[in-house]
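What follows is each chain in one-letter form.
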Amino acid sequence: MSTHSITLKVNGEEHTREVEARLLLVHLIREELELTGTHIGCDTTSCGACTILLNGRPVKSCTMFAVQASGAEIASVEGLATNGNLHPIQEGFTEKHGLQCGYCTPGMMMTTVALLKDNPNPNEEDIRWGVAD
Amino acid sequence: MIPASFDYTCPKTVAEAVSLLGQNPEAKILAGGHSLIPMMRFRMATPAMLVDINQLEGLSYIKEEGDWLEIGAMTRESELDRSELVRKSYSLLADTTRVIADPLVRNLATVGGNIAHADPANDHPATMLAYGAEVTATGPDGERSIPIGDFFLDAFTTSLSHDEILTAIRIPRAVEKSGGAYFKLERKVGDYATVAVAAQLVLNGDGKIASAGIGLTNVGLTPIKATAAEEALTGKVLDDASIKEAARLASEVAEPIEDQRGSEEYKRHLVRTFTSRALRKAQERAEGGGV
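What you are looking at is a predicted structure, and each value in this text was computed from that prediction instead of being measured. (Residues numbered from 1 in each chain as written. Chains lettered and ligands numbered in written order. Predicted model: local features only at pLDDT ≥ 70, side-chain atom pairs only at ≥ 80, totals over all residues.)

1. Looking at the overall build of chain A
Link 1 in the chain: Of the regular secondary structure elements, chain A holds 4 helices and 5 strands.
Link 2 in the chain: When the helices and strands of chain A are listed from N to C terminus, the series reads β-β-α-β-β-β-α-α-α.
Link 3 in the chain: Here the C-alpha radius of gyration of chain A, 15 Å, is about what a compact globule of 133 residues would show, namely 14 Å.
Link 4 in the chain: For chain A, the proportion of its 133 residues judged to be buried stands at 39%.
Link 5 in the chain: Taking all contacts inside chain A whose residues are at least 6 apart in sequence as the whole, residues at least 24 apart take part in 50%. (Helix = DSSP H or I, 4+ residues; strand = E, 2+ residues; numbered from the N terminus. Rg over C-alpha atoms; globule rule 2.2 N^0.38 Å. Buried ≥ 20, exposed ≤ 12 C-beta atoms within 10 Å, placed from the backbone. Contact = placed C-beta atoms within 7 Å.)

Below, the structure is given as structure tokens:
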């Protein structure tokens with residue numbers, strides 16, 4: 001069993017931690033960094049509730065070890081709002097009630113942020129494909 | 001769920017990775033991790049060591065060279081999906097990549113991992129069988145090339161030795177009048193195939209079939225190459241009769257078992273239907289249409 005010293009940036013802030021190799025990135029984010037906006041849903045790499053941006057790309061943080069993220073820049077849902085102002089995606093989700101139970105909403109919002117960065121004017125098919133298909 | 005403890009290593013060169021594998025018989029390679037990490041969380045896999053090959057340089061590329069399209073093993077599915085070259089000239093591969101799991105998974109999952117994991121439900125293996133691809137394996141004695149037909153020995157078992165890494169996959173370079181298609185039924189987005197069929201055709205100047213490749217996903221312990229169907233098509237014109245015969249032969253070589261995704265009979269029926277559809281689409285594309 002190996003442990004490793006890792007340094008990574010989360011929402012612009014640098015963190016250094018000693019981690020066991022088996023620690024999943026989502027557990028680092030939630031339990032060590034106490035950013036609990038990133039949720040654990042299925043735990044089977046299916047649902048996407050745990051989606052974060054890894055160097056700008058949306059990935060499931062339950063399917064990566066924390067040690068693999070050393071040196072990376074991570075964005076989680078807590079980083080969307082700035083100076084107390086909601087991000088336009090958060091505004092949009094609120095305005096359109098873009099959720100069902102809300103549990104996976106942090107992941108949906110991170111995925112949406114990445115989708116719109118790649119493609120600012122997606123049509124319905126682009127959205128379906130970009131979010132889930 | 002929390003995986004069992006292991007030692008993590010992150011070599012910087014292929015030689016170092018090969019040597020770590022050689023010294024540690026219980027080590028597993030960690031590529032995109034989207035098959036291995038779920039298995040570790042379920043403790044279906046409890047490797048004593050992981051050799052993370054994500055930091056190895058030079059294993060992520062898509063390029064035409066000589067008679068081949070060469071793809072680095074660590075190329076992410078999303079990179080294949082975005083490749084203009086793949087979309088333009090390798091329709092079977094483009095089809096396949098787009099139906100693997102979901103877009104988040106495709107951001108990390110690799111083509112090499114999809115093949116080396118040898119899960120009969122994975123999608124690239126059947127496609128590579130249809131293309132007649134070759135795998136490049138790098139071990140202590142350097143590189144060797146393995147025809148894809150010799151690669152899959154059993155479920156989750158390949159002809160790679162423990163200290164070999166799948167470093168590249170080569171597909172015969174696209175020629176004029178060639179095209180392919182991948183048809184997959186999944187119960188919901190992101191599920192493994194109930195059945196999927198890959199077909200690749202090369203046509204002669206007279207419109208007859210110069211060569212046909214057909215691969216079947218998730219209807220046996222390994223991906224299955226429908227050799228009899230391929231041979232029956234060679235030299236023929238693709239019409240209702242030749243398609244029907246090829247579809248019948250493909251469904252006969254399938255070895256599906258009944259499970260939560262359907263009965264054996266249903267799956268054989270799907271192999272027939274998808275073989276027909278994939279062949280028609282492949283022909284349309286080989287003739288320059290139907291992207």
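We are not done yet, so read on.
2. Considerations on the overall build of chain B
Link 1 in the chain: Secondary structure summary: chain B contains 11 helices and 14 strands in total.
Link 2 in the chain: Taken against the 2.2 N^0.38 rule, which gives 19 Å for 291 residues, the C-alpha radius of gyration of chain B at 19 Å falls within 12% of a compact globule.
Link 3 in the chain: Within chain B, residue pairs in contact and separated by at least 24 positions form 64% of the contacts whose partners lie at least 6 positions apart.

3. Section: the sheet that holds strand 11 (residues 178-185) of chain B
Residues and elements named next belong to chain B.
Link 1 in the chain: Spatially, 4 strands are ordered 11-12-13-14 in an open sheet, and the strand pairing comes out antiparallel. Bordering the open sheet on either side are strand 11 and strand 14 (224-225), each of which pairs with just one other strand.
Link 2 in the chain: As defined by bridge partners, strand 12 (residues 195-203) adjoins strand 13 (residues 209-217) across 8 bridges and the pair is classed as antiparallel. Looking at the pairing, Ala-198 lines up with Gly-215 of strand 13.
Link 3 in the chain: The sheet contacts of helix 8 (residues 124-131) involve strand 11, strand 12, strand 13 and strand 14, and relative to strand 13 the element is tilted by about 165 degrees. (Pairing = 2+ DSSP bridges. Axes fitted to C-alpha atoms, helices over the stretch in contact; angles between N-to-C directions.)

4. Re the interface of chain B and chain A
Link 1 in the chain: Residue-level contacts link 22 residues of chain B with 24 residues of chain A.
Link 2 in the chain: Taken together, the residues that form the side of chain B that touches chain A break down as 12 nonpolar, 6 polar and 4 charged. (Nonpolar A, V, L, I, M, F, W, Y, C, P; charged D, E, K, R; others polar.)

5. Things to note about the sheet that holds strand 3 (residues 51-54) of chain A
Across a sheet, strands are paired by hydrogen bonds formed along the backbone, either parallel or antiparallel in direction.
All names here are of chain A.
Link 1 in the chain: Reading across from one edge, 2-1-5-3-4 is the order of the 5 strands in this open sheet, with mixed pairing throughout. If you trace the sheet from one side to the other, it starts and ends with strand 2 (13-20) and strand 4 (57-60), each paired once. Taking the axes of each pair of neighbouring strands and ignoring which way they run, one obtains an average angle of 40 degrees across the sheet.
Link 2 in the chain: Seen against the sheet, helix 3 (residues 105-118) touches strand 3 and strand 4 and runs at an angle of roughly 35 degrees to strand 3.

6. Notes on the domain arrangement of chain B
Residue and element names in this part refer to chain B.
Link 1 in the chain: By domain assignment, chain B separates into domain 1 (7-51), domain 2 (62-172) and domain 3 (192-286).
Link 2 in the chain: A separation of 20 Å is found between the C-alpha centroids of domain 2 and domain 3.
Link 3 in the chain: Every contact between the two is made by 17 residues of domain 2 and, on the other side, 18 residues of domain 3.
Link 4 in the chain: Residue assignment for the side of domain 2 that touches domain 3 shows that the elements contributing at least two residues are helix 5 (91-98), helix 8 and strand 8 (152-154).
Link 5 in the chain: Considering each element in turn, the side of domain 2 that touches domain 3 owes the most residues, 6 residues, to helix 8.
Link 6 in the chain: Its residues assigned to classes, the side of domain 2 that touches domain 3 comprises 10 nonpolar, 5 polar and 2 charged. (Domains from an automatic or database assignment.)

7. Here we look at the nonpolar core
Link 1 in the chain: Core analysis: the biggest nonpolar cluster contains 123 residues, and Ala-66 of chain A together with Ile-169, Val-197, Ala-199, Ala-250 and Ala-278 of chain B have the highest contact counts within it.
Link 2 in the chain: Residue contributions to this core peak at 8 residues, all from strand 12 of chain B.
Link 3 in the chain: With residues up to four places along the chain from it excluded, the contact list for Ala-278 of chain B reads Ala-181, Tyr-182, Phe-183, Val-197, Ala-198 and Ala-199 of chain B. (Core = buried A, V, L, I, M, F, W, Y, C linked by C-beta atoms within 7 Å.)

8. Digging into the pairing of strand 4 of chain A
Link 1 in the chain: For strand 3 of chain A and strand 4 of chain A, the ladder comprises 4 bridges, and the chain directions are antiparallel. Each bridged residue has a counterpart across the sheet, and for Leu-54 of chain A the counterpart in strand 4 of chain A is Arg-57 of chain A.

9. Describing unusual backbone geometry
Link 1 in the chain: The backbone of Asn-83 of chain A sits at a positive phi, close to 50 degrees, despite the residue not being glycine.
Link 2 in the chain: The topology assignment puts Asn-83 of chain A in the loop between strand 5 (73-75) and helix 2 (88-95).
Link 3 in the chain: By the C-beta count within 10 Å, which is 4 here, Asn-83 of chain A ends up exposed.
Link 4 in the chain: Phi is positive for Arg-43 of chain B, close to 60 degrees, though the residue is something other than glycine.
Link 5 in the chain: You can see Arg-43 of chain B is positioned in the loop between helix 2 (36-41) and strand 3 (49-52).

10. A closer look at helix 1 (residues 14-23) of chain B
All names here are of chain B.
Link 1 in the chain: Along helix 1, the residues that are buried comprise Ala-17, Val-18 and Leu-21. An end-on view of helix 1 places all buried positions within 100 degrees of arc, on one side of the element.
Link 2 in the chain: Tucked inside the fold, the buried residues of helix 1 contact strand 2 (27-30), strand 3, strand 6 (134-139) and strand 10 (165-172). (Arc of directions from axis to C-beta.)

11. What to know about the environment of Thr-75 of chain B
Link 1 in the chain: Within the secondary structure, Thr-75 of chain B sits in the loop between strand 5 (68-72) and helix 3 (77-82).
Link 2 in the chain: Ignoring any residue separated from it by four or fewer positions in sequence, one finds Thr-75 of chain B in contact with Ser-60, Tyr-61, Ile-62, Leu-80, Thr-110 and Val-111 of chain B.

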